[in-house]
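# Observations on the three-dimensional arrangement
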Amino acid sequence: STLTPEGDLHREEILALLFEYVEQIRAAGPQEEIFKELAALQEISFAHKEDSPMPDDFAASAAMAMHRYPAKEVLRGPFALDEWRADVVAEYLAKLTPENCLIFITSDGFKEESSSSDAEENGWKREEWYKASYKEEPLDENHLSEWKGLLDKALQGEESGLQLPQPNRFIPEDFSLRAPSGTGLETSKLPMEVLAPSPVTNEPMLRLWHKMDKAFKTPREYVLAHVHTGTYNAGPEAVAMMRLFCGVVSDDLNTFAYDANVAGLGYSLEFSDNLSLSVGGFNDKLPDLMKVVVERVADVLEEFEAAGKRIKDATSEEELCEALGERGQELVEKLEVQRQILLQDYKNFTREEPWSVGNYYLSQLMLRKSWHLDEYIQVLENMPDLLAMSGAVREALSAVQVDMLVHGNATEDAARDFAEIFCNNLKRLGAKPLPELRKKEVTKLPKESTTVFEFDLAKLNPAQENCCTQVVYQVGKTNEDFKRDACLSLSCHIAHVSAFQKLRTELQLGYIVQAFPAVTEDVCGFSVLVQGNREHPKDVDQLIEEWLADFGQELEAMSDENFRKNVQALVTERTQRYSRLVQETTRHWAEILPRRYNFSRIVDATEALQNIQKEEVIEFFKEYLAQGAASRRKLSVRVLGTSAGDVKSEVEEPDVLLTSLEDL
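One structure accompanies this document, and this report is about it. These figures come from a predicted structure and were not determined experimentally. (Residues numbered from 1 in each chain as written. Predicted model: local features only at pLDDT ≥ 70, side-chain atom pairs only at ≥ 80, totals over all residues. Heavy atoms only, no water.)

## A few points about the sheet that holds strand E12 (residues 512-520)
Strand order in the open sheet made by the 6 strands is E12-E13-E11-E14-E10-E15, with mixed pairing throughout. Whereas interior strands pair on both sides, the edge strands pair on one side only; in this sheet they are E12 and strand E15 (656-658). Going across the sheet, the axis of each strand differs from the next one's by a mean of 20 degrees, ignoring polarity. Across 6 bridges, the pairing between strand E11 (residues 467-477) and strand E14 (residues 634-640) is antiparallel. Bridging from a neighbouring strand, threonine 469 pairs with arginine 638 of E14. The strands touched by helix H19 (residues 537-557) are E11, strand E13 (523-532) and E14; relative to E11, the strand with the most contacts, the crossing angle is about 50 degrees. (Pairing = 2+ DSSP bridges. Helix = DSSP H or I, 4+ residues; strand = E, 2+ residues; numbered from the N terminus. Axes fitted to C-alpha atoms, helices over the stretch in contact; angles between N-to-C directions. Contact = heavy atoms within 4.5 Å.)

## Here's the deal with the pairing of strand E7 (residues 275-282)
Across the 8 residues that make up E7, a large majority, 6, are buried. In terms of strand pairing, strand E5 (residues 220-228) meets E7 through 8 bridges, oriented antiparallel. Bridged to valine 227 within E7 is leucine 275. Where strand E6 (residues 265-271) lies against E7, 7 bridges are found, and the strand directions are antiparallel. By the bridge assignment for E7, serine 268 is matched with serine 278. (Buried < 20%, exposed > 50% of the residue type's maximum accessible area, 1.4 Å probe, protein only.)

## Overview of the pairing of E12
Here 9 bridges tie E12 to E13, and the two strands are oriented antiparallel to one another. Paired with glutamine 514 across the two strands is leucine 529, which belongs to E13. Counting the residues in the hairpin turn of E12 and E13 gives 2 residues, including glutamate 521, whose phi is positive at 55 degrees.

## Here we look at the layout of surface pockets
Empty space within the largest pocket amounts to approximately 2,700 Å³. Contributing to the lining of the largest pocket are 45 residues, with Leu17, Ser160, Glu330, Glu333 and Lys334 lying nearest its centre. At the level of secondary structure, the elements contributing two or more residues to the lining of the largest pocket comprise helix H1 (5-9), helix H2 (11-28), helix H7 (141-155), helix H9 (236-252), helix H10 (254-262) and helix H12 (317-347). Broken down by element, the lining of the largest pocket gets its largest block of residues, 9 residues, from H12. Its residues assigned to classes, the lining of the largest pocket comprises 16 nonpolar, 14 polar and 15 charged. Approximately 1,500 Å³ is the volume found for the second largest pocket. (1 Å grid on protein atoms, 1.4 Å probe; cavity = no way out; pocket = protein on both sides within 12 Å on 5 of 7 lines; lining within 4 Å. Points joined across faces, edges and corners; volume = space filled by probe spheres on them. Nonpolar A, V, L, I, M, F, W, Y, C, P; charged D, E, K, R; others polar.)

## A closer look at the side chain of threonine 450
Relative to the helices and strands, threonine 450 resides in strand E10 (residues 450-456). Ignoring any residue separated from it by four or fewer positions in sequence, one finds threonine 450 in contact with Lys634, Ser636, Asp655 and Val656.

## Regarding the nonpolar core
Core analysis: the biggest nonpolar cluster contains 94 residues, and Phe245, Phe304, Met404 and Phe422 have the highest contact counts within it. Of the residues forming this core, the biggest block, 12 residues, is contributed by helix H11 (residues 286-310). Those residues in contact with methionine 404, other than ones at most four positions away along the chain, are Leu206, Arg207, Leu208, Trp209, Val223, Leu224, Ala225, Phe418, Ala419, Phe422 and Trp589. (Core = buried A, V, L, I, M, F, W, Y, C linked by side-chain atoms within 4.5 Å.)

## Here's the deal with empty space enclosed by the protein
One pass over the full model with this rule turns up 3 cavities of 30 Å³ or more. The computed volume of the largest cavity comes to approximately 80 Å³. In terms of lining, the largest cavity is formed by Leu269, Leu275, Leu277, Val294, Val297, Phe422, Asn425, Leu426 and Leu429. Among the secondary structure elements, those contributing two or more residues to the lining of the largest cavity are E7, H11 and helix H16 (412-428). Examining the composition of the lining of the largest cavity, we find that 3 residues originate from one element, H16, more than from any other. Taken as a whole, the second largest cavity holds about 40 Å³ of empty space. If you trace the second largest cavity, you find it lined by Cys467, Cys468, Thr469, Leu509, Val530, Gln531, Gly532, Glu535, His536, Pro537 and Val540. Sorting the residues of the lining of the second largest cavity by element identifies E11, E13 and H19 as the ones contributing at least two each. Partitioning the lining of the second largest cavity into residue classes produces 6 nonpolar, 4 polar and 1 charged.

No statement about biological role is implied by the geometric values presented.
Next comes the structure, spelled out in structure tokens:
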């Protein structure tokens, strides 16, 4: 498991809890009821298994299964639990003892001990290849007794609360299909043929879309909801509070989430710039899961508010604990854990790969009025006041607009029921319609010049030697000109192989070399990314420009036959048959979420691609990508690792060098 910094300080108590739970399982002995539940879940998974997305994955798994099962059981074998053998389970349980256990602990907490002058005397060694410090110790009774003592002290005489799982309430029982047999395009799984969902509700607070599945004929459905709020405009503190709150709710739902997951259901609750909630899986118990999740959102907020009011006048630690009560203390602990997780995640940002750091700053540069991680860190450095946090959440949910899609084995009435469950809980918290949505602004790069953004990652992470260079040639809005979009997509498709051959294989600039479409909101561009430690990013940028000039000549020299092969390859990639219901759901959601509603977009874009001519792609290259092109708008994001040394980029007018977001 992954521990928070606080959890790492108490790893011995956690290990003692683990062994206590294992002992509970051993003491309970073989449980036939649990076996029957697992057997039922496995049978459901097999009977309603969706197609493998890739045939080669299926072939590989089937080939491996042939070594373990008779030929007629190759498909069902991995799912089969046909025979209850209490003696085998008992024999297995008997092996679950500390004496048979290997424990691996990885932690920064060992850094001081492993690097001290007497580390070798205390058993610390260095492994051969990466020189990482490690230590081996036998697990004996002294360890177990010490851990148990620490646990007893932490529990202060109270029970641990560990117990065996209860019967799973989310196991589906009804697998009947709601839709009559479809005809014609209703049964198609081809992206070029699938029918669009239908609008059901269009109100100030709710836009509901629905489509009953007649193609996949599976007892599954997916419900996606996006709650537009005014939170992001309220500032980084409001955003951080919403993210903390969603983390606490998700943590509080863990007992339900596990049962739901093993029963073929799942949910997601998160806040990026708005609140997103999704539930999906077998439709029989999906309304129950939706109800549990949205009610828990309202319950936890009200519990935080009540706890905040009770502790307002507390003057001592004892009074604080008494005022909070058991449930209040539990929520405060969960809040602190989520604060640590978010804070650690944000602070570890500079330890990510240079391409990831560069991609973040690319987003910051291109999407205007975006809050920075440092602003969230400043908010999260201290434990938030309960009333302030709950006030921020209630304010965020006081005015909303909801986009919702219900797709799968669900009638229109069932879709309305989902929307009612969702919106009623928002109204319970006082939600009213949001007057207008937040408008997102994308930076329009200047023509006929290069904007350079350079970030010194080595200064914050001296262990990172790699640099990254990502250049973006901004083209314009997507979906305005399908022919231009087709030229961009095809250029990237052809360029990917060309760039890899030249920049990686021949010049060996780095182990990551990619050419791909870059999209920020609804604005697209042509992007090339190189990560490695061989050349300084300013020199890599120049080598990319040299390759790009050669690439333009490649396009002109390409035979018509080769050009058509590239077109067909991209068309085939885009029009592959959907193998799972969720793939079609995602396609519809991509139109509903930005409120574009062009459900024939794939058809229009593919037809434009099929009709494209080589001369049009060459003209596109000369207009947007070539050196000195009339509509060329270039951004170069350069992330410096230690291999860059002290050398910094320099530019000449009309180019612009930025080294901080404030410069922008």
